[in-house]
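# Geometric and topological summary
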Amino acid sequence: MKICENEYFTMGLDIGSTACKCVILKDGEEIIGKAVYPLGTGTIGPRKVFDSALTEAKISSRNLAHVLVTGYGRFQFDDANSQKSEITCHAAGIHFLLPNVRTIVDIGGQDIKALRLNERGQLDNFVMNDKCAAGTGRFLDVMAGVMNVKTEDLGKISDAAVEVASISSTCTVFAESEVISKLSNKVRLPDLVAGIHASVAKRVAALVFRNGVIPDVTMSGGVALNHGVVHALENELKTEIKVHPLCQFAGALGAALLAYRKLVKP
Ligand code: ADP
């Protein structure tokens, strides 16, 4: 619905496996509301971010011209007008935030994706691993639990590393045992966390190399908020990674943009 001349409000809702994100755009260019909630599909997460983003935007759901839903749970939301894959939405969202990016590494709660964009920001190719938790946000969440620290503190903790611990198991279950054993052998926490980041980065880099690394390179998804993983991946890829503060919202933002394009270019 158009409230007054030149005002279209579109919502992008990213219902992930682990977290929900929502962005409301005014006229396809200004973010007027956003929300994130650390629960994924099948929970209260989608409704929470839907309501919180509307509150921040100071509009009601009746004012939304189009709600486009993406992510793992995109077909489970009743108030959707349409759905799109998270690959398409992440590409659109990142191109809006960082127009020079050609390589996107998206690490979410349960999968890793590497996307290659062309000069116009369109998706050229992608590879993904959703068969195993190694290298994903879930892996980091499990390790944080074992070490009794918060996932969001991992980056800061790893800043104090002196000697990066070696984590040889890629399997989450075996790596968990390895971390417990290193903790009991008094390996310093920062060294251990840096070792976990290095193990994630190795796993992710193997996937990214299959798709080619063309600069600019960025990370999207919640794990991009962990600067320890970002630096470890820079070491593996031997290139700078530009991270936007809205990295976790890339999919939701892309969804809101694509919703707007549906209205102006049906
Ligand atoms: P989904 O796959 O559900 O879309 P996200 O892309 O939102 O997932 O990423 C969720 C993951 O991001 C979590 O599993 C967690 O490891 C990580 N994460 C979320 N917030 C933070 C934060 N503030 N700092 C570090 N890591 C985070």
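Within each chain, residues carry numbers counting from 1 in the order of the written sequence. Predicted model: local features are reported for residues with pLDDT of at least 70 only, side-chain atom pairs are reported and counted for 80 or more only, and whole-chain, interface and lining totals are derived from all residues. Side-chain numbers here rest on the full set of heavy atoms in the structure, without hydrogens or water.

### Observations concerning the overall build of the protein
Assigned secondary structure in the protein consists of eight helices and 10 strands. With the radius of gyration taken over C-alpha atoms, the globule rule is written as 2.2 Å times the number of residues to the power 0.38. Here the protein has a C-alpha radius of gyration of 19 Å; the compact-globule value for 266 residues is 18 Å, and the two agree. Dimensions of the protein, computed from the C-alpha atoms along their principal axes, are close to 65 × 40 × 30 Å. For the protein, the proportion of its 266 residues judged to be buried stands at 53%. Counting from the N terminus, the helices are the DSSP runs of H or I reaching at least four residues and the strands are the DSSP runs of E reaching at least two. Throughout, exposure labels follow a simple rule: accessible area from a 1.4 Å probe, protein chains only, divided by the maximum for the residue type, with under 20% read as buried, over 50% as exposed, and the rest as partly exposed.

### Side note on the environment of Gly137
Mapped onto the elements of the fold, Gly137 is located in helix H3 (residues 137–147). It is 9.3 Å that separates the C-alpha atoms of Gly137 and Val200, two residues lying 63 residues apart in sequence.

### A short note on the sheet that holds strand E1 (residues 9–15)
At least two DSSP bridges between two strands are needed for those strands to be called paired. Pairing is mixed across the open sheet formed by five strands, whose spatial order is E3-E2-E1-E4-E5. What marks the edges here is a single partner per strand, and that holds for strand E3 (30–37) and strand E5 (82–83). As defined by bridge partners, strand E4 (residues 64–70) adjoins E5 across two bridges and the pair is classed as parallel. Within the sheet, the bridge partner assigned to Leu68 lies in E5 and is Ser82. Packed onto the sheet, helix H1 (residues 45–57) meets E1, strand E2 (20–26), E3 and E4 and runs at close to 145° relative to E3. Any two residues whose heavy atoms approach within 4.5 Å at even a single point are treated as in contact. All axes are obtained by fitting lines to C-alpha atoms, using only the stretch in contact for helices, and the reported angles, taken between N-to-C directions, cover 0 to 180 degrees.

### Observations regarding a nonpolar patch on the surface
Patch definition: residues above 30% relative accessible area lacking any salt bridge, with like charges linked at up to 9 Å and the nonpolar side chains Val, Leu, Ile, Met, Phe, Trp and Tyr linked at up to 5 Å. Using the Shrake-Rupley algorithm and a 1.4 Å probe, accessible areas are obtained, with residue cover drawn only from the displayed protein chains. One speaks of a salt bridge when a side-chain nitrogen belonging to Lys or Arg is within 4 Å of a carboxyl oxygen belonging to Asp or Glu. A surface patch of nonpolar side chains, amounting to about 220 Å² of accessible area, comprises Leu123, Phe126 and Met128. Here Phe126 lies in strand E8 (residues 123–129).

### Focus on helix H5 (residues 172–184)
Spanning 13 residues, H5 covers 18 Å between terminal C-alpha atoms, matching the ideal 18 Å at 1.5 Å per step. Burial in H5 covers these residues: Thr172, Ala175, Glu178 and Val179. Buried residues along H5 cover an arc of 115° about the axis, so they all sit on one side. When the buried face of H5 is taken as reference, the exposed residues oriented beyond 90 degrees from it are Val173, Phe174 and Ser184. Buried residues along H5 sit in contact with H3 and helix H6 (189–211). The positive-phi residue at the C-terminal boundary of H5 is Lys186, with phi of around 65°. How far a helix is expected to stretch is found by multiplying one less than its residue total by 1.5 Å. Directions drawn from the helix axis to the C-beta atoms are what define this arc.

### Thoughts on the site of the ligand
Lining the immediate environment of the ligand, one finds 17 residues, of which Thr18, Lys21, Gly109, Asp141 and Gln248 sit closest. Pairing of N or O atoms within 3.5 Å defines a polar contact, subject to two protein rules: one partner must be a possible hydrogen donor and the other a possible acceptor, and residues neighboring in sequence count only if both atoms are side-chain atoms. Here an oxygen atom of the ligand and a side-chain polar atom of Gln248 are 2.8 Å apart. Protein chains bury 84% of the 580 Å² of accessible surface belonging to the ligand in isolation. Throughout this entry, Asp, Glu, Lys and Arg are counted as charged residues, while Ala, Val, Leu, Ile, Met, Phe, Trp, Tyr, Cys and Pro are counted as nonpolar. The remaining residues, Gly among them, count as polar. Residue composition of the shell around the ligand, grouped by class: three nonpolar, 11 polar and three charged. We call a residue near a molecule or strand as soon as one heavy atom of that residue lies within 4 Å of the molecule or strand.

### Some points on the nonpolar core
Think of a nonpolar core as a cluster: buried Ala, Val, Leu, Ile, Met, Phe, Trp, Tyr and Cys residues, connected wherever their side-chain atoms sit within 4.5 Å. Of all hydrophobic cores here, the largest spans 37 residues; its most connected members are Met219 and Leu233. Those elements giving two or more residues to this core turn out to be strand E6 (103–107), strand E7 (112–117), H3, helix H4 (154–158), H5, H6, strand E9 (217–220) and helix H7 (227–237). Setting aside residues no more than four positions away along its own chain, Leu233 makes contact with Val105, Ala201, Val204, Ala205, Met219 and Ile241.

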